[in-house]
Amino acid sequence: MTILEALMAWAGRGTPPLDGLLVSVGNLSPDLKPTADAWLAKLGRAVTPEGLAEVALALPGEARDILRGKLAPEDRPSDFA
Amino acid sequence: MRRIFTIAASLALLSAWPAFAQIAPPPANVFGIALGAHGVWLDGASAATVSDIEGGLNARASLSPHISLVGSGGYGFVNEYLTGAGGLRITATDVKDRTFSVGVGIQYRWYDDIAYGLREWMPDVGVGWRPWADVPNFIISGTGAYGMTSKRARATLGARFVLY
């Protein structure tokens, strides 16, 4: 189980719907299968234990800065998902 | 004469394309808004599977490198409903990577007709990908979410165009 699958299971489902959807897309369309496979590979690698630990350590400080009015925006495509 | 004009116009358009395509990446503003559409898949042990095509707007307020407030409003074209959501998303991947990121969080989702979905809190995972460096405003997006009251999963896969 990848970290992402663990996160999806935390959200309450044993089967990650987004992963299943990507597999279905790849199976339905040979043209889209390379893109769907690339996405699945990215998803499997994207969230690592080290990365999650870094996020966990950063959050309290960032929350404190927000409450103090110090904003530090970043441009992340997942914000528009 | 017409042929010469057509060739000249085609060459002019082709030469203008790089300037159009190389739109500068959007700056890291606090607020952002994007227009888009996506397919929706719902399932659940006791609920009928509903699928739809939604179009609408997504907005974000990026407060810190990892923390954003996110929201959306949309219309389901197949089943003709309004829906919206709002909540918090935390980026779980490299925040400096503007081409691909994964965020986890929770949103409150509502529908104008509960026949299509309950008003409930939904933990979610959102994925965004800018596949082409030349067109940074274009994003492929996907989400997976789970209704804490309905016990239904909701997945989406679609595209966004960042307006601001």
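Let us look at the structure shown here. Keep in mind that this is a model prediction, so the values were computed, not measured.

Structural notes on the packing of aromatic side chains
All names here are of chain B. Applying the stated criterion to the full structure yields four aromatic pairs over all chains. Both rings, one in Y75 and one in F77, keep their centres 5.2 Å apart while their planes meet at 80 degrees; by these two values the pair is edge-to-face. Judged by its relative accessible area of 31%, Y75 is partly exposed. Between W132 and F138, the ring centres sit 5.3 Å apart and the planes meet at 25 degrees, which makes this aromatic pair stacked.

Some thoughts on the interface of chain A and chain B
Tallying the contact residues gives 37 residues for chain A and 57 residues for chain B. Across the chain A to chain B interface the summed buried area is about 4200 Å²; carbon plus sulfur atoms make up 69%. If you sort the residues of chain A by the area they bury against chain B, W39, D75 and F80 of chain A come out on top, with a joint share of 19%. Where chain A packs against chain B, one counts five salt bridges. Taking the shortest distance from any N to any O, the salt bridge between R130 of chain B and D75 of chain A comes out at 3.2 Å. Connecting chain A to chain B are 18 residue pairs in polar contact (both at pLDDT 80 or more). Every element with two or more residues in the side of chain A that touches chain B is listed here: α1 (3-10), α2 (17-28), α3 (33-46) and α4 (49-67) of chain A. Broken down by element, the residue count for the side of chain A that touches chain B peaks at seven residues, all from α4 of chain A.

Focus: the side chain of H38 of chain B
On the secondary structure map, H38 of chain B appears in strand β1 (residues 31-43). A distance of 3.0 Å separates a polar atom in the side chain of H38 of chain B from a polar atom in the side chain of R160 of chain B.

Description of the sheet that holds strand β4 (residues 81-91) of chain B
Strand order in the closed barrel made by the eight strands is β1-β2-β3-β4-β5-β6-β7-β8 (chain B), with antiparallel pairing throughout. Each neighbouring strand pair of the sheet contributes to a mean axis angle of 30 degrees, computed without reference to strand direction. Here strand β6 (residues 120-129) of chain B runs beside strand β7 (residues 138-146) of chain B; their pairing, made up of six bridges, is antiparallel. Across the sheet, the residue bridging to V127 of chain B is G142 of chain B, located in β7 of chain B. Packing against the sheet, α4 of chain A makes contact with β3 (67-76) and β4 of chain B, and its axis sits at approximately 90 degrees to β3 of chain B.

A word on the pattern of salt bridges
Taken as a whole, this structure holds eight salt bridges over all chains when the rule is applied. With its nearest N and O atoms 2.6 Å apart, the salt bridge here joins K96 of chain B to E74 of chain A. Of this pair, K96 of chain B sits in the loop between β4 and β5 (100-111) while E74 of chain A sits in the segment after α4, which puts the two residues in different chains. Residue classification places E74 of chain A among the buried residues on the basis of a relative accessible area of 11%. D75 of chain A serves as the salt-bridge partner of R98 of chain B, at 3.9 Å between the closest nitrogen and oxygen.

Re a nonpolar patch on the surface
All names here are of chain B. Judged by side-chain polarity, I53, Y75, F77, V78, L82, Y108, W110, W121 and M148 come together as a nonpolar surface patch covering roughly 870 Å² of accessible area. Take M148: it is sitting in the loop between β7 and β8 (153-162). A residue is classified by how much of its surface remains accessible, and M148, at 44% relative accessible area, is partly exposed.

Criteria and cut-off values
- Residues numbered from 1 in each chain as written.
- Chains lettered and ligands numbered in written order.
- Predicted model: local features only at pLDDT ≥ 70, side-chain atom pairs only at ≥ 80, totals over all residues.
- Heavy atoms only, no water.
- Phe/Tyr/Trp six-rings, centres within 6.5 Å; stacked < 30°, edge-to-face > 60°.
- Buried < 20%, exposed > 50% of the residue type's maximum accessible area, 1.4 Å probe, protein only.
- Contact = heavy atoms within 4.5 Å.
- Buried area = accessible area lost by both parts, 1.4 Å probe.
- Salt bridge = Lys/Arg side-chain N within 4 Å of Asp/Glu carboxyl O.
- Polar contact = N/O pair within 3.5 Å; in protein donor to acceptor, adjacent residues only side chain to side chain.
- Helix = DSSP H or I, 4+ residues; strand = E, 2+ residues; numbered from the N terminus.
- Pairing = 2+ DSSP bridges.
- Axes fitted to C-alpha atoms, helices over the stretch in contact; angles between N-to-C directions.
- Patch = residues over 30% accessible without salt bridge, like charges linked within 9 Å, V, L, I, M, F, W, Y side chains within 5 Å.
- Areas by Shrake-Rupley, 256 points an atom, 1.4 Å probe, with all protein chains shown as cover.

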